[in-house]
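What follows is each chain in one-letter form.
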Amino acid sequence: MAMFDKEKLLQIVRQKGPVLPVALTSELKGNILLASAVLSEFVSEKKLHISNTKIGGSPVYYLPEQRPLLQNLYKYLNEKDKKSFDLLKEHKVLRHTDLDPLTRVSLSNIKDFAVPLEVLYHDQKEIFWKWYLAADDEVKEKIHIYLTQPEIPSPQPISQQASVEAIASVASTIASATRTTETLATPLQSVAPEVPSV
């Protein structure tokens, strides 16, 4: 592939990225194997990046400045990975030891969005998960809070069963409080002073 074609390929990624290899070969009307070889060359030169998330078994290619656009791949994640994505995006930093095993595995699967950090604190290694677009200062501050206030756990996704149980518990408390109020109201009515008849 000529140099002009290489530059044209980069131009297409710049305009349409993140993009699938097949879309590039379609645009260039070229050989997919040749386009893939050029894409690999660009990745090794760090001109392009390649996603871990796949669309139909194929990764997407993007320019370094297009990283925020990787969030468009959200719809291609499975349900558990979507929940982990949402949780990490909301809180920016999660402590590995506070997470359930399924969420830990899920975070390790969504490498495009979850960045593992190993922190040494009091001679012990701690692993944290960082939202890939989170600012370093914010991440440091959140990790500091986790390490100095270990009793505060990371937020967990609320399961549907937990939500139902919580609602049932609240409903039971309200019903109990209503019965107590009714019980207290009855004696007050019975001891009301009688008005003498005229």
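An account of the accompanying structure is given in this report. (Residues numbered from 1 in each chain as written. Predicted model: local features only at pLDDT ≥ 70, side-chain atom pairs only at ≥ 80, totals over all residues. Heavy atoms only, no water.)

This part is about the nonpolar core. The biggest cluster of nonpolar side chains holds 26 residues, and the ones touching the most others in it are Leu-94, Leu-107 and Phe-113. Looking at this core, the element that brings in the most residues is helix H6 (residues 136-148), giving 4 residues. In this structure Phe-113 touches Thr-53, Leu-70, Gln-71, Leu-73, Leu-77, Phe-85, Leu-88, Lys-130, Trp-131 and Tyr-132, once residues within four positions along its chain are discounted. Core analysis: the second largest hydrophobic core is formed by 13 residues, Leu-10, Ile-12, Leu-28 and Tyr-61 among them. (Core = buried A, V, L, I, M, F, W, Y, C linked by side-chain atoms within 4.5 Å. Buried < 20%, exposed > 50% of the residue type's maximum accessible area, 1.4 Å probe, protein only. Helix = DSSP H or I, 4+ residues; strand = E, 2+ residues; numbered from the N terminus. Contact = heavy atoms within 4.5 Å.)

Moving on to the pattern of salt bridges. All told, the structure shown has 6 salt bridges when counted by the stated rule. For the salt bridge of Lys-82 with Glu-79, the shortest nitrogen-to-oxygen distance reads 3.8 Å. Of this pair, Lys-82 and Glu-79 both sit in helix H4 (residues 79-91), 3 residues apart, roughly one helical turn. Exposure remark for Lys-82: the relative accessible area of 17% places this residue in the buried category. By relative accessible area, Glu-79 is classed as exposed at 55%. Ionic pairing is found between Asp-136 and Lys-130, a salt bridge with its closest N-O pair at 3.5 Å. (Salt bridge = Lys/Arg side-chain N within 4 Å of Asp/Glu carboxyl O.)

Read from one edge of the open sheet, 3 strands run S3-S5-S4, paired in antiparallel fashion. Sheet topology places strand S3 (93-95) and strand S4 (114-121) at the edges, where each strand pairs with a single neighbour. When strand polarity is set aside, the average angle formed by the axes of neighbouring strands in this sheet is 30 degrees. Sheet analysis places S3 next to strand S5 (residues 124-131), joined by 3 bridges and oriented antiparallel. Considered in S5, the bridge of Arg-95 is made with Phe-128. (Pairing = 2+ DSSP bridges. Axes fitted to C-alpha atoms, helices over the stretch in contact; angles between N-to-C directions.)

With that settled, consider the packing of aromatic side chains. We describe a pair of aromatic rings using the distance from one ring centre to the other and the angle between the two ring planes. Counted under the stated rule, the structure contains 7 aromatic pairs. Between Phe-113 and Trp-131, the ring centres sit 6.3 Å apart and the planes meet at 15 degrees, which makes this aromatic pair stacked. With a gap of 18 residues between them, Phe-113 in the loop between helix H5 (101-109) and S4 and Trp-131 in strand S5 connect regions that are remote in the sequence. You'll find Phe-113 and Trp-131 in the same group, each marked buried. In textbook terms, an aromatic cluster arises when at least three aromatic residues are bridged by ring pairs, as seen for Tyr-74, Phe-85, Phe-113, Trp-131 and Tyr-132. (Phe/Tyr/Trp six-rings, centres within 6.5 Å; stacked < 30°, edge-to-face > 60°.)

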